[in-house]
Amino acid sequence: MFDASDDQILDDCLKRRPEAWNRFVDRSIPIVLRVIDQCHESQGEPQDHSRRPELARHVFSELMAEDFGLIRAFRRRCSWETYLTVITRRIVLARRLELDHLDRVTEATQGTLVPAR
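Note that the structure is predicted; figures quoted are calculated from it, not measured.

Student: An account of the packing of aromatic side chains is needed here, citing residue identities and associated values.
Tutor: We describe a pair of aromatic rings using the distance from one ring centre to the other and the angle between the two ring planes. Taken as a whole and judged by the stated rule, the model has eight aromatic pairs. Centre to centre, the rings of Trp21 and Phe60 are 6.0 Å apart; their planes meet at 85°, and the pair counts as edge-to-face. Separated by 39 residues along the polypeptide, Trp21 in helix H2 (residues 20-42) and Phe60 in helix H3 (residues 52-72) bring together distant segments of the chain. Their ring planes at 75° and their centres at 5.2 Å tell us that Phe74 and Trp80 sit as a pair that is edge-to-face. Here Phe74 and Trp80 have matching classes, each one buried. The structure contains a cluster of three or more aromatic residues connected by ring pairs, namely Trp21, Phe24, Phe60, Phe68, Phe74, Trp80 and Tyr83.

Student: I'd like to hear about the pattern of salt bridges, residue by residue, with values.
Tutor: Summed over the entire model, instances satisfying the criterion amount to 11 salt bridges. Salt-bridge contacts for Asp12 lead to Arg23; the nearest nitrogen and oxygen are separated by 3.1 Å. With Asp12 in helix H1 (residues 4-14) and Arg23 in helix H2, this pair connects stretches of sequence that are 11 residues apart. Judged by its relative accessible area of 7%, Asp12 falls in the buried class. Connected through salt bridges with shared partners, the residues Asp7, Asp11 and Arg76 form a single ionic network.

Student: Describe the side chain of Ser28, naming the residues involved and giving the relevant values.
Tutor: By the element assignment, Ser28 lies in helix H2. Taking relative accessible area as the criterion, Ser28 reaches 0% and is therefore assigned buried. Apart from the residues within four sequence positions on either side, Ser28 is in contact with Phe60, Trp80 and Leu84.

Student: Explain the packing of H2 against helix H4 (residues 80-109) residue by residue, including any values.
Tutor: Contact geometry for H2 and H4: axes closest at 9 Å, N-to-C directions at 50°. Classified by the angle between their axes, H2 and H4 sit oblique to one another. Crossing of H2 over H4 shows right-handed handedness. Where H2 abuts H4, its residues Phe24, Ser28, Ile31, Val32, Arg34, Val35, Ile36, Cys39, His40 and Ser42 lie against Trp80, Glu81, Leu84, Thr85, Thr88, Arg89, Val92, Leu93 and Arg96. Split by residue class, the contact of H2 with H4 holds 10 nonpolar, five polar and four charged.

Student: So what's going on with the nonpolar core? Residues and values would help.
Tutor: Ranked by size, the top nonpolar core spans 26 residues in total, and within it Phe24, Val32, Leu63, Ile71 and Trp80 carry the most contacts. Among the secondary structure elements, those contributing two or more residues to this core are H1, H2, H3 and H4. Setting aside residues up to four positions removed in sequence, Ile71 forms contacts with Leu10, Leu14, Trp21, Phe24, Leu63 and Trp80.

Student: Break down the packing of H2 against H3 for me, with residues and values.
Tutor: Running from N to C, H2 and H3 cross one another at 125°; their axes reach a closest spacing of 10 Å. Relative to H3, the element H2 is oriented oblique. At the point where H2 passes H3, the crossing takes the right-handed sense. In this structure, H2 uses Trp21, Phe24, Val25, Ser28, Ile29, Val32, Leu33, Ile36 and Asp37 to contact H3, whose residues at the interface are Arg52, Leu55, Ala56, Val59, Phe60, Leu63, Met64, Phe68 and Ile71.

Cut-offs and rules
- Residues numbered from 1 in each chain as written.
- Predicted model: local features only at pLDDT ≥ 70, side-chain atom pairs only at ≥ 80, totals over all residues.
- Heavy atoms only, no water.
- Phe/Tyr/Trp six-rings, centres within 6.5 Å; stacked < 30°, edge-to-face > 60°.
- Helix = DSSP H or I, 4+ residues; strand = E, 2+ residues; numbered from the N terminus.
- Buried < 20%, exposed > 50% of the residue type's maximum accessible area, 1.4 Å probe, protein only.
- Salt bridge = Lys/Arg side-chain N within 4 Å of Asp/Glu carboxyl O.
- Contact = heavy atoms within 4.5 Å.
- Axes fitted to C-alpha atoms, helices over the stretch in contact; angles between N-to-C directions.
- Parallel < 35°, antiparallel > 145°, perpendicular 65-115°, else oblique.
- Left-handed = near helix turned anticlockwise from the far one by under 90°.
- Nonpolar A, V, L, I, M, F, W, Y, C, P; charged D, E, K, R; others polar.
- Core = buried A, V, L, I, M, F, W, Y, C linked by side-chain atoms within 4.5 Å.

Encoded structure:
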């Protein structure tokens, strides 16, 4: 159910041991990128890798927020991969809604702003 190496990485990360965050990212990034790609596919969109780095950064930023609150909330009742997949999907879908809204606002206001003199 829970991989011992994942357990060690998570514990080291929460204890802020040197290199723990890098090991955590190395272990987690393939899962995060896969979920980002799946979110695009589930929305019926073609693969768009232009937002991949920003979305991945946002996921890791959210994982670090509130003193690693989402990591601390992991109760080890499932695999880390399953937990991270669910969390990442929620974060990515919420962020994509925000970015899509910002894009629409930007498109709607382009050309309507008067430059300052």
